[in-house]
Amino acid sequence: MAEKPKVATTSMAGCFGCHMSILDIDERILKLIDLVDFDKSPIDDIKEFTGRCAVGLLEGGCCNDENVKTLKDFREHCDILIAVGDCATMGGIPALRNNMSVKECLDEAYSTDNRKGPAVHNPDNIIPNDPELPLLLDKVYPVQHVVKIDYFLPGCPAPADTIWQSLVALLTDEPVELPYELIKYD
Amino acid sequence: MSFGGPEVCHTKQERLTMSESLQSAIKEICEVVGNDRTQMMEIVEQVQDRFGCVSSEAMDLIAQQMNCHRVEVMSVVSFYSFLSEKPKGTVVIRLCNDVIDLMKGANHAADAFRDELGIEFGETTPDGKITLEWTPCIGMSDQAPAALINDEVVTYLGSDGARNIARQLKEGTAPSKLVGRLGDGNNANDLVKSMVHNNIRNAGPVVFAEGIVKGDGLKKALAMSPREVINDVKNSRLRGRGGAGFPTGMKWDFTRQADGDKKYIFCNADEGEPGTFKDRVILTEKPDLMFEGMTIGGYAIGADEGILYLRGEYAYLRAFLDDVLANRRDAGLLGKNICGKGFDFDIRIVMGAGAYICGEETALLSSAEGMRGDPKNRPPFPAQKGYRDCPTAVNNVETFCKVTRILEKGPGWFSEIGSEGSAGTKLLSISGDCHKPGVYEVPFGIKLREVMDLCGAEDVQAVQIGGPSGRLVGKDSMDDQICYDHLATGGSLMVFSRKRNLLKKVLNFMEFFEEESCGYCTPCRVGNVLLRKKIEAIVNGEGEPADLEYLQTLGETVKTCSRCGLGQTSPNPVLTSLESFRDVYEAALKPALKDGSQPEFDIRAALRPAEAIAGRASSHFAE
Ligand SMILES: Cc1cc2nc3c(=O)[nH]c(=O)nc-3n(C[C@H](O)[C@H](O)[C@H](O)COP(=O)(O)O)c2cc1C
Ligand code: SF4
Ligand code: SF4
Ligand code: FES
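Computed from a prediction, not measured in an experiment: that's the story for all the values here. (Residues numbered from 1 in each chain as written. Chains lettered and ligands numbered in written order. Predicted model: local features only at pLDDT ≥ 70, side-chain atom pairs only at ≥ 80, totals over all residues. Heavy atoms only, no water.)

**Some points on the site of ligand 3**
Let me state the cut-off plainly: One heavy atom within 4 Å of a molecule or strand is enough for the residue carrying it to be called near that molecule or strand. Side-chain classes are defined by residue name, with Ala, Val, Leu, Ile, Met, Phe, Trp, Tyr, Cys and Pro counting as nonpolar, Asp, Glu, Lys and Arg as charged, and the others, Gly among them, as polar.
Lining the immediate surroundings of ligand 3 are 13 residues, of which C518, Y520, C521, C524 and C564 of chain B lie closest. In the shell around ligand 3, the residues fall into eight nonpolar, four polar and one charged.

Shown next as structure tokens:
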């Protein structure tokens, strides 16, 4: 049997909700595994690309340098990139910080001086700065602002059936069928 | 009226007296207009005028006095660029930054202002005296660079001129003293006293003809029945001169036939389309023709009230126009029992406050009703339900002048001028790279080439016809006619010579639309920003071949999905330049990046703030 095409997935500035939605295709995941192999993905916990992939599914936009690195890596290794969910296509919830400066965001999150939240106990006002920690970007960017994206599946999360239909259509080279229920968002 | 305001006060005592005087002033201002909610514009403009801003406190007081919600006041104050919640200087300098002014060196004047005043655009001097702002076209493109100093217009503003003005203002000279040599014609009238020039280069047989007798057209109209008047206008084949070109007679017929006892005539003197200034010249030199046309219109549709909606930028003409109205009343051409024929009709002036969208007729009506200048849903059309829900006919300044002449000289006389599909003459406002910028009254059907010869334009690369919302055309269109069916225009013609960067002009136009979108509907509010960003990227050398397709599709989406004429035409600079000057775009593009990156994304700039805070460089993207 010919080698199966490979699919990679990643969650960047997202909540993992879109990955839950991928899993939400229920038992069809078994069919999916007949169709494809998973490469780099939190689903199988493969951390680095092992080779060329047919499709990359992207959850979340870019909020830090590591996201940008991951995204560029995906562009390099995948033939087709699909932005999955509103965070990837528009920035989504994380992009709510876009009209504040990075400094304000960090202060808001960590400074006890602000006495904003009960969860912050940080008497020395330390802003975490381990070299291992990614650096924030000035704002959250939707993925297509950073690299070229081939397809967009909106929704928060993109519905499981929408992801399924699109993926199968793409892998089987058939026209995609997205009935109204799968692309209405109210 | 002036749009500046006095100094802000500081001590507690002063603040107390101020708030008392604010309260009594607001009470008085509101009472003068009978606490009429639809006069909100007048009220806030007066408060702005007297106190330099409409402060949060003032908004509360107005709301109390008018018995309305605070948000109704606030939505008006936040909408118009001449109104502000924060205090502005006693003097506000508004320098035009439209393409023509930039071509003529507005940036030199800008630098001189910055340097002499020590502030940036959008700022006020620390003593609270002078505010510096940019503004879109103020209708002086034939004498650019131009600026408004409160209500006063200064033209041909070079670097020395700007410096001089700034110095004098700092010394406390009143803006009215800054006016240099007075302009020609009525610009030198005691009630105008402006340095503006008419620059009438070509006087045609209709509007700028010699020897027109005040009242002749009106008397002839009043000797006929309203239906006969409308028939004359129909037979003249007159179409609107404000841009859309709707047959005037038909509009009036609809308004006449609409249900309702009370009807209104509106004259649209918002003249906001960049590069258009012919209405300003009519207002200065032929206001009687215009007012008479409104009166005839009132008679024809059955209205007893007419309103001239005058753009805030033309406030310097207000006193003069009020005086023209008073003279017409004295001559029995306005007021009760006009010309002894038992027809009652009067005209008042409503001021705009710096918003292009208010030229759109339904937004204009919203504004005149004392609200934000939001366009209304159509249908119902203004002819059915317009001002205060009454049937209303809105026409352009020039259209009314034509009506007066048609009634005076007969519809046949008029329809014989011009071309087959477009009767009569058209006033063109020509600016840019030509020897004789100014106003030209030409017959419809004239070829673009002939117009270029008339205005002394050599080495033409492109002409923007009908302002930013119109079309950018090149050499291929030189033999096309100016008329409703070919090169349609509300009057604006901007000429660009071969040395101009056309993409920068497109960018400037898109910045204009982005700023002037009322924000009501998403395709226009968001789409224009996306279009502008992409053009900006291309201008900055970050464009790639796929961008042209993107611009085309996005532009078409904005056009088809927008709610009013602004969004339905705002992609035109992009779409028409793509059509006529695709090669210019292609020359500016780079091949797509091999790694699939977006060229506009600048990772270094995006990381700068966080690197500064963390005190370390990104490990993934080293400098
Ligand atoms: C965004 C926008 C701005 C407009 N600005 C003006 C204007 O400044 N003056 C004008 O006469 N018409 C303007 N119009 C056209 C008016 O909506 C309306 O069609 C016109 O005043 C009707 O008069 P007319 O039939 O005599 O041309 C504008 C339209 C749009 C969509
Ligand atoms: S789109 Fe919604 S579900 Fe998906 S990552 Fe964003 S927030 Fe989570
Ligand atoms: S098209 Fe633009 S200007 Fe017109 S209603 Fe929509 S947002 Fe407002
Ligand atoms: S006055 Fe500046 S472009 Fe018209």
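**A short note on the site of ligand 1**
Residues and elements named next belong to chain B. So the rule is basically this: Counting of polar contacts relies on pairs of N or O atoms within 3.5 Å, with two restrictions inside protein: one atom must be capable of donating a hydrogen and the other of accepting it, and residues adjacent in sequence are counted only when both atoms are side-chain atoms. Per-residue accessibility takes into account occlusion by the displayed protein chains alone, with areas from the Shrake-Rupley method and a 1.4 Å probe. Runs of H or I in DSSP of at least four residues are treated as helices and runs of E of at least two as strands, each being numbered from the N terminus.
For ligand 1, the set of nearby residues contains 19 residues, the closest of which are G242, N268, E361, N396 and T399. N395 is positioned with one of its side-chain polar atoms (N or O) 3.0 Å from an oxygen atom of ligand 1. The side chain of N396 places a nitrogen or oxygen atom 2.7 Å from an oxygen atom of ligand 1. Starting from 610 Å² of accessible surface for ligand 1 in isolation, the protein chains cover 89%. Only strand 10 (392–396) and helix 21 (565–569) provide two or more residues apiece to the shell around ligand 1. The element that contributes the greatest number of residues to the shell around ligand 1 is strand 10, accounting for three residues. Within the shell around ligand 1, the residues separate by chemical class into four nonpolar, nine polar and six charged.

**Quick look at the packing of aromatic side chains**
To describe a pair of aromatic rings, one takes the distance between the centres and the angle between the planes. All names here are of chain B. Definition in use: Pairing of aromatic side chains here covers Phe, Tyr and the six-membered ring of Trp, requires ring centres within 6.5 Å, and sorts the geometry by plane angle: under 30 degrees stacked, over 60 edge-to-face, intermediate tilted. For the exposure calls, accessible area comes from a 1.4 Å probe over protein chains only, and a residue counts as buried if that area is under 20% of its type's maximum, exposed if over 50%, partly exposed in between.
What the rule picks out here adds up to 14 aromatic pairs over all chains. For the ring pair F444 and Y484, a centre distance of 5.0 Å and an interplane angle of 45° mean the geometry is tilted. Pair noted here: F444 is in the loop between strand 12 (438–443) and helix 17 (448–454) and Y484 is in the loop between strand 14 (471–473) and strand 15 (492–497), with a separation of 40 residues, a long-range link. Accessibility classification places F444 together with Y484 in one group, the buried group.

**Digging into the side chain of D270 of chain B**
All names here are of chain B. Inclusion rule: Only four residue types enter the tally: Lys and Arg on the positive side, Asp and Glu on the negative side; His and the chain ends are excluded. Whenever a carboxyl oxygen of Asp or Glu lies within 4 Å of a side-chain nitrogen of Lys or Arg, that contact is scored as a salt bridge. Any two residues whose heavy atoms approach within 4.5 Å at even a single point are treated as in contact.
Within the fold, D270 resides in the loop between strand 6 (264–269) and helix 11 (278–285). No salt bridge is formed by the buried D270, whose closest oppositely charged neighbour, R311, lies at an N-O distance of 5.2 Å. Setting aside residues no more than four positions away along its own chain, D270 makes contact with Y309, R311, A355, Y356, C358 and G359.

**Examining the pattern of salt bridges**
Between side chains of opposite charge, a pair can form as their charged atoms come close. Residue and element names in this part refer to chain B. Taken as a whole, this structure holds 51 salt bridges over all chains when the rule is applied. Its salt-bridge partner being R348, residue E305 comes within 3.1 Å of it at the nearest N-O pair. Of this pair, E305 sits in strand 7 (residues 305–310) while R348 sits in strand 9 (residues 343–351); the two residues are 43 residues apart in sequence, bridging distant segments of the chain. In this structure R348 comes out as partly exposed when scored by relative accessible area, which is 25%. What you see here is one network of salt bridges that share partners, running through R241, K278, D279, E398, K402 and K426.

**Comments concerning the packing of helix 12 (residues 287–301) of chain B against helix 13 (residues 318–330) of chain B**
Residues and elements named next belong to chain B. Definition in use: The axes used here are C-alpha line fits, helices contributing only the stretch in contact, and every angle between their N-to-C directions lies in the interval 0 to 180 degrees. Comment on the angle field: the value is read as roughly parallel under 35 degrees, roughly antiparallel over 145, roughly perpendicular from 65 to 115, and oblique elsewhere. Two helices cross in a left-handed way if the nearer one is turned anticlockwise from the farther one by less than a right angle. They cross in a right-handed way if the turn is clockwise.
Taken N-terminus to C-terminus, the directions of helix 12 and helix 13 make an angle of 60°; their axes are 10 Å apart at the nearest point. Relative to helix 13, the element helix 12 lies oblique. Relative to helix 13, helix 12 is oriented so that their crossing is right-handed. Side by side, helix 12 and helix 13 meet where P287, D288, F291 and E292 of the first sit next to F320, L321, V324, L325 and R328 of the second. The residue makeup of the contact of helix 12 with helix 13, split by class, is six nonpolar, no polar and three charged.

**Re the environment of A610 of chain B**
By the secondary structure assignment, A610 of chain B is in helix 24 (residues 603–614). Not counting residues up to four positions away in its chain, the partners in contact with A610 of chain B are V102, L135 and L136 of chain A.

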